[in-house]
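Okay, here's what each chain looks like letter by letter:
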Amino acid sequence: MGRRKLVVGNWKMNGMRAHLDEVEAIGRVAAAHPSVEVGLCLPATLIMAGSERRGAAFIGGQNCHMDISGAYTGSLSAEMLAEAGATWVITGHSERREARGETNADIASKSEAAHKAGINVILCVGETLAVRDAGKAEQVVADQLLASLPDDAAADWLAVAYEPIWAIGTGRIPTLEAVATMHAALRAALASRIGAEADKMRILYGGSMNGDNAADLMAIADVDGGLVGGASLSAKKFAPIIEAAEQRMAAAA
Ligand code: PGA
């Protein structure tokens, strides 16, 4: 055990310069909860300015290209994100897997590219409601994870985020039992690929995590933090989640 809780905000396509005050406020909350690793994955336009006002929070990107440079209009490489101040990046978010047609192989390549650029990765996986209703969630998500996990994945640069697609932005979350079952299945899948390293790798829960449900979710043995969308947009809403993570770490110590 001994995995440090990781709580990351995903701002998606939200955030203008006016919101840098929130970045700063969240950076202060992070400083007040040093046992928790806190970060914000900002829209690319805010990464540079956000890095200057991040306090104790890290700044991440939400996507990167798998190549270093080239004729890819509209894309950003991991090196570019790193130069702008990002130290993490999200890969494989369902909003990109679905809307942008990203494949498991693309996500493995992007994650590798990020690692080569010295950036840590939050690799997202998750099932549709149809898959869950069919009783296949664990199998499908574990397969997705193994197909998008880079061969040399290690806990010091990669974390996994389990995000049931039907829970994202909907206010609905799976039962705590279902989350526990899924996270245990993902840890077992990781162990089948990377052996003992799986025990060190953080597996975050994402999808409608908020200040009311964070403590219960993070009390689950294999839930090592959260990837938080809507509730990360302000320090007021994000702070209780960071607080819950700190309390869980203290309780486990
Ligand atoms: P949500 O988003 O917390 O708003 O559900 C989570 C995510 O998509 O990462």
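It should be emphasised that the depicted structure is a prediction, and the values quoted were computed from it without experimental measurement.

### Some points on the pairing of strand β5 (residues 120-125)
Of all six residues making up β5, six are buried, and the element is well covered by its neighbours. By the alternation rule, side chains of β5 split into Asn-120, Ile-122 and Cys-124 and Val-121, Leu-123 and Val-125, which are all buried. Relative to β5, strand β4 (residues 88-91) runs parallel, the two sharing four bridges. Directly across from Thr-91, in β5, lies its bridge partner Leu-123. Examined bridge by bridge, β5 and strand β6 (residues 158-162) share five bridges and lie parallel to one another. Its bridge partner being in β6, Leu-123 is matched across the sheet by Val-160.

### Some details on the pattern of salt bridges
If you walk through the whole model with that rule in mind, you get 13 salt bridges. Measuring nitrogen to oxygen at the nearest pair gives 2.8 Å for the salt bridge that ties Lys-12 to Glu-95. Taken together, the residues span a long stretch of sequence, with Lys-12 in the loop between β1 (6-10) and α1 (20-32) and Glu-95 in helix α4 (residues 94-99) at a distance of 83 residues. Lys-12 sits in the partly exposed class, given a relative accessible area of 21%. For Lys-200, the salt bridge goes to Glu-197, with nearest N and O atoms at 3.3 Å. Connected through salt bridges with shared partners, the residues Arg-3, Arg-187, Asp-222 and Asp-224 form a single ionic network.

### Some remarks on unusual backbone geometry
Within the chain, Lys-12 stands out as a residue other than glycine whose phi angle is a positive 50°. You will see that Ser-208, though not glycine, has its phi angle at about 60°, which is positive. With a relative accessible area of 18%, Ser-208 lands in the buried category.

### Focus: the site of the ligand
Of all residues adjacent to the ligand, which total 13 residues, the nearest are Lys-12, His-93, Glu-163, Gly-169 and Ser-208. One of the side-chain nitrogen or oxygen atoms of Glu-163 is found 2.7 Å away from an oxygen atom of the ligand. Notes on the ligand: free accessible area 290 Å², of which the protein chains cover 95%. Per-class residue counts for the shell around the ligand are four nonpolar, seven polar and two charged.

### Concerning the nonpolar core
Leu-158, Leu-186, Leu-190, Met-218, Phe-238 and Ile-241 are the most contacted members of the largest nonpolar core, which has 67 residues in total. The next biggest cluster of nonpolar side chains, apart from the first, holds twelve residues, and it includes Val-8, Phe-58, Trp-88 and Leu-227.

Definitions and limits used
- Residues numbered from 1 in each chain as written.
- Predicted model: local features only at pLDDT ≥ 70, side-chain atom pairs only at ≥ 80, totals over all residues.
- Heavy atoms only, no water.
- Buried < 20%, exposed > 50% of the residue type's maximum accessible area, 1.4 Å probe, protein only.
- Helix = DSSP H or I, 4+ residues; strand = E, 2+ residues; numbered from the N terminus.
- Pairing = 2+ DSSP bridges.
- Salt bridge = Lys/Arg side-chain N within 4 Å of Asp/Glu carboxyl O.
- Near = heavy atom within 4 Å.
- Polar contact = N/O pair within 3.5 Å; in protein donor to acceptor, adjacent residues only side chain to side chain.
- Areas by Shrake-Rupley, 256 points an atom, 1.4 Å probe, with all protein chains shown as cover.
- Nonpolar A, V, L, I, M, F, W, Y, C, P; charged D, E, K, R; others polar.
- Core = buried A, V, L, I, M, F, W, Y, C linked by side-chain atoms within 4.5 Å.

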